[in-house]
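Spelled out from the first residue to the last, the chains are:
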Amino acid sequence: MIKIAVLASGRGSNMAAIMEAIERGDIDGEIKIVLSDKENAGALEKATAKGIENHWVNPKSFADRDSYEQELLRLIGECDLICLAGYMKILGEGFIANAPCPIMNIHPALLPAFPGLHGQRQAVEYGVKIAGCTVHFVDTGLDSGPIILQAAVNVLDDDTEETLAARILLEEHKIYPQAVKEFARGELIVDGRIVKRRSFQ
Ligand code: GAR
């Protein structure tokens, strides 16, 4: 069983999808801790409701990003996977270099298109006809790490950022738990920037 730490800034629906997959027995793992940079993050409430250790770590209480992130790593301790689930801060190189395990992220766009903030708005404004979401391992670039899974969503003529985001979110809730499941089963092999599946025959 893998131990998972979650970093989240908002409502935590992706984290909840991972929790449900654990409860269904799909993911052989447990969420050991949930950390947020936002005091009122729904993710913290959801963790409390499930009896999972959780903390608001206020970045403003630290002298710089390094010391803030060192505190995150101290709280995380030993674990097998760190899941960014709507975590809206960019992780520093120090965090990534010192993390005890791989880090995964869910991004609401078909990377490498539309990295950074507001992936869904970028897709609507650009006029793409197919948008979607991506689960990837985190490296030191902006949403640039090896891609694990993607799901596509058609963009409709009357889509707004909000309507598109709502349909993309449904796909996020499928592919993020699926990626964590595959990781927990030891199926993922990272070869450079290509993620492949191990065959068990
Ligand atoms: C999700 O749409 C996720 O893809 C996005 O924030 C939302 C969080 O929702 N993440 C990013 O934009 C990261 N750059 P949630 O808190 O309900 O999971």
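Residues numbered from 1 in each chain as written. Predicted model: local features only at pLDDT ≥ 70, side-chain atom pairs only at ≥ 80, totals over all residues. Heavy atoms only, no water.

With that settled, consider the site of the ligand. By nearness alone, 13 residues border the ligand, and R11, G12, S13, N14 and E172 come closest of all. Between R11 and the ligand, the recorded distance is 2.5 Å, taken from a side-chain N or O atom to an oxygen atom. The separation between an oxygen atom of the ligand and a polar side-chain atom of E172 is 2.7 Å. When the free accessible area of the ligand is taken as 450 Å², the share hidden by the protein chains comes to 91%. Within the residue set of the shell around the ligand, elements represented by two or more residues are α1 (13-24), β5 (103-107) and α6 (161-184). Residues that form the shell around the ligand fall into these classes: four nonpolar, seven polar and two charged. (Near = heavy atom within 4 Å. Polar contact = N/O pair within 3.5 Å; in protein donor to acceptor, adjacent residues only side chain to side chain. Areas by Shrake-Rupley, 256 points an atom, 1.4 Å probe, with all protein chains shown as cover. Helix = DSSP H or I, 4+ residues; strand = E, 2+ residues; numbered from the N terminus. Nonpolar A, V, L, I, M, F, W, Y, C, P; charged D, E, K, R; others polar.)

With that out of the way, let us pick up unusual backbone geometry. For residues other than glycine, phi is negative in most cases, and the peptide bonds are mostly trans. Omega for the bond connecting L111 with P112 falls within 30 degrees of zero, at 15°, which places this linkage in the cis form. Along the chain, P112 turns up in the loop between β5 and α5 (119-126). For F114, which is not glycine, the phi dihedral falls at a positive 55°. Of note, F114 is situated in the loop between β5 and α5. Classification of F114 by relative accessible area gives buried; the value is 15%. Despite not being glycine, D143 shows a phi value in the positive range, around 55°. (Buried < 20%, exposed > 50% of the residue type's maximum accessible area, 1.4 Å probe, protein only.)

Attention now goes to the environment of I90. Turning to its location among the elements, I90 is positioned in the loop between β4 (81-84) and α4 (93-98). Placed 80 residues apart in sequence, I90 and G10 show a C-alpha to C-alpha distance of 15 Å. Residues within four places of I90 in sequence aside, it is in contact with R65, E69 and L142. (Contact = heavy atoms within 4.5 Å.)

Burial of β5 is extensive: five of the five residues sit out of reach of the surface. Alternating residues of β5 divide into I103, N105 and H107 and M104 and I106, and every residue in both groups is buried. Summarising the sheet, β4 and β5 pair through three bridges and their orientation is parallel. When the sheet's bridge partners are listed, I82 is paired in β5 with I103. In the classification by handedness, the crossover that spans β4, the intervening α4 and the parallel β5 is right-handed. Pairing between β5 and strand β6 (residues 130-137): four bridges, direction antiparallel. Within the sheet, the bridge partner assigned to I106 lies in β6 and is V135. (Pairing = 2+ DSSP bridges. Right-handed = clockwise from strand over helix to strand, strands pointing away.)

Take the packing of α1 against helix α2 (residues 42-49) next. Where α1 meets α2, the closest approach of the two axes is 9 Å, and the angle between their N-to-C directions is 25°. Taken together, the axes of α1 and α2 are roughly parallel relative to one another. Side by side, α1 and α2 meet where M15, A16 and M19 of the first sit next to A43, K46 and A47 of the second. Classifying every residue of the contact of α1 with α2 gives five nonpolar, no polar and one charged. (Axes fitted to C-alpha atoms, helices over the stretch in contact; angles between N-to-C directions. Parallel < 35°, antiparallel > 145°, perpendicular 65-115°, else oblique.)

The next point concerns α2. Residues spaced three or four apart along an α-helix point in a common direction, a consequence of the helix completing one turn every 3.6 residues. Taken together, the buried positions of α2 are occupied by G42, A43, L44 and A47. Buried-residue contacts for α2 involve α1, β2 (29-36) and β3 (54-56). G51 lies just past α2 and shows a positive phi near 75°.

Right, let's talk about the pattern of salt bridges for a bit. In this structure the tally under the stated criterion is ten salt bridges. E23 is the partner of K50 in a salt bridge, and the nearest nitrogen-oxygen pair spans 2.9 Å. Pair noted here: K50 is in the loop between α2 and β3 and E23 is in helix α1, with a separation of 27 residues, a long-range link. For K50, a relative accessible area of 45% corresponds to the partly exposed category. E23 gets classed as exposed once you look at its relative accessible area, which sits at 52%. A salt bridge links R197 to E182, with the nearest nitrogen and oxygen atoms 2.5 Å apart. Placement of R197 in strand β9 (residues 194-197) and of E182 in helix α6 is noted, with a sequence separation of 15 residues between them. Looking at R197, the relative accessible area reads 35%, which means it is partly exposed. (Salt bridge = Lys/Arg side-chain N within 4 Å of Asp/Glu carboxyl O.)

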